[in-house]
Amino acid sequence: MRRRIRTRGAPRYARAVIQPTPASPWTTAFVYALPHGVAVGYHLPEGPDPVHPEVLGRLTGAERSLAESLRGYRQVQFVGGRLALAVAFGELGTRRAPVLTDEHGAPILPEGLVGSVTHKQDLAIALVARGRVGVGVDLEETTRPRPGVAERVLTARELEAVRTLIPSRQWV
């Protein structure tokens, strides 16, 4: 299955196509240095089985406590996102800090950093940057049509830009 990541940061966009590769779960899939931050992909296991204590041990204490309260895919995706964030912090030369969530589930990063996490069933991606201007990352499968998604997730300006593309580039 082909996938595409899309990142948003002021003022640039970046896109990358991810080819499927057999991989061990709980390992780094990629690290991209982008103009507006560092994107890290992390392989997840195929199923919703509870995360092994050894893997939970890679989290900070507060992250581990939160992860242990989650079940199924939610636990797997949370852990994968936090491990991807940890790699991104290292790439930025930033000391690792616990990353918990706000009331909407968004990561709360340390002062001076902004970031975003996205995930699908077998991959978690974190994007982290220095600064105060928000960044975003999304992961979409490009092998099946997703009618109506663009209108729900893009701004009016982004939607207009997509509509100017040739049909084969309009993947949303």
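Reading the values: rules and limits
- Residues numbered from 1 in each chain as written.
- Predicted model: local features only at pLDDT ≥ 70, side-chain atom pairs only at ≥ 80, totals over all residues.
- Heavy atoms only, no water.
- Helix = DSSP H or I, 4+ residues; strand = E, 2+ residues; numbered from the N terminus.
- Buried < 20%, exposed > 50% of the residue type's maximum accessible area, 1.4 Å probe, protein only.
- Contact = heavy atoms within 4.5 Å.
- Areas by Shrake-Rupley, 256 points an atom, 1.4 Å probe, with all protein chains shown as cover.
- Phe/Tyr/Trp six-rings, centres within 6.5 Å; stacked < 30°, edge-to-face > 60°.
- Pairing = 2+ DSSP bridges.
- Axes fitted to C-alpha atoms, helices over the stretch in contact; angles between N-to-C directions.
- Core = buried A, V, L, I, M, F, W, Y, C linked by side-chain atoms within 4.5 Å.

**Focus on the overall build of the chain**
For the chain, the count of helices and strands is five helices and nine strands. Secondary structure of the chain in N-to-C order comes out as β-β-β-β-α-α-α-β-β-β-β-β-α-α. Looking at the chain as a whole, 42% of its 172 residues qualify as buried. Of the contacts formed within the chain by residues at least 6 apart in sequence, a portion of 51% connects residues at least 24 apart. In the structure as shown, the chain presents an accessible area of about 9500 Å², 52% of it carried by carbon and sulfur atoms.

**Observations concerning the packing of aromatic side chains**
Applying the stated criterion across every chain, the model contains one aromatic pair. Here F30 and Y32 contribute two aromatic rings whose centre-to-centre distance is 4.5 Å and whose plane-to-plane angle is 20°, an arrangement assigned as stacked. Under the relative-accessibility criterion, F30 is labelled buried at 9%. The exposure class of Y32 is partly exposed, given its relative accessible area of 28%.

**Notes on the sheet that holds strand 3 (residues 28-34)**
Strand order in the open sheet made by the four strands is 3-4-8-7, with antiparallel pairing throughout. Among the strands making up the open sheet, the edge pair consists of strand 3 and strand 7 (113-120). The mean angle between the axes of side-by-side strands here comes to 15°, regardless of whether they run parallel or antiparallel. Pairing of strand 3 with strand 4 (residues 37-43) involves six bridges; the strand directions are antiparallel. Within strand 4, the residue paired with A33 across the bridge is V38.

**Notes on the nonpolar core**
Ranked by internal contacts, the top residues of the largest apolar core, which has 26 residues, are W26, V51, V79, L83 and V128. Among the secondary structure elements, those contributing two or more residues to this core are strand 4, helix 1 (53-56), helix 3 (72-91) and strand 8 (123-130). By residue number, the principal contributor to this core is helix 3, which donates eight residues. If you look at the next biggest cluster of nonpolar residues, it comprises 10 residues, including V114, L127, A129 and V137.

**Some thoughts on the pairing of strand 8**
Within strand 8, seven of the eight residues are buried, leaving the element largely enclosed by the surrounding structure. Where strand 7 hands over to strand 8, the hairpin turn is made up of two residues, counted between the paired strands.

**Here's the deal with the environment of E140**
Along the chain, E140 falls in strand 9 (residues 135-141). Of the residues examined, E140 reaches a relative accessible area of 11% and is grouped as buried. In sequence terms E140 and K120 are 20 residues apart; their C-alpha atoms lie 8.1 Å from each other.

Note that all results are geometric; they support no functional claim without further evidence.
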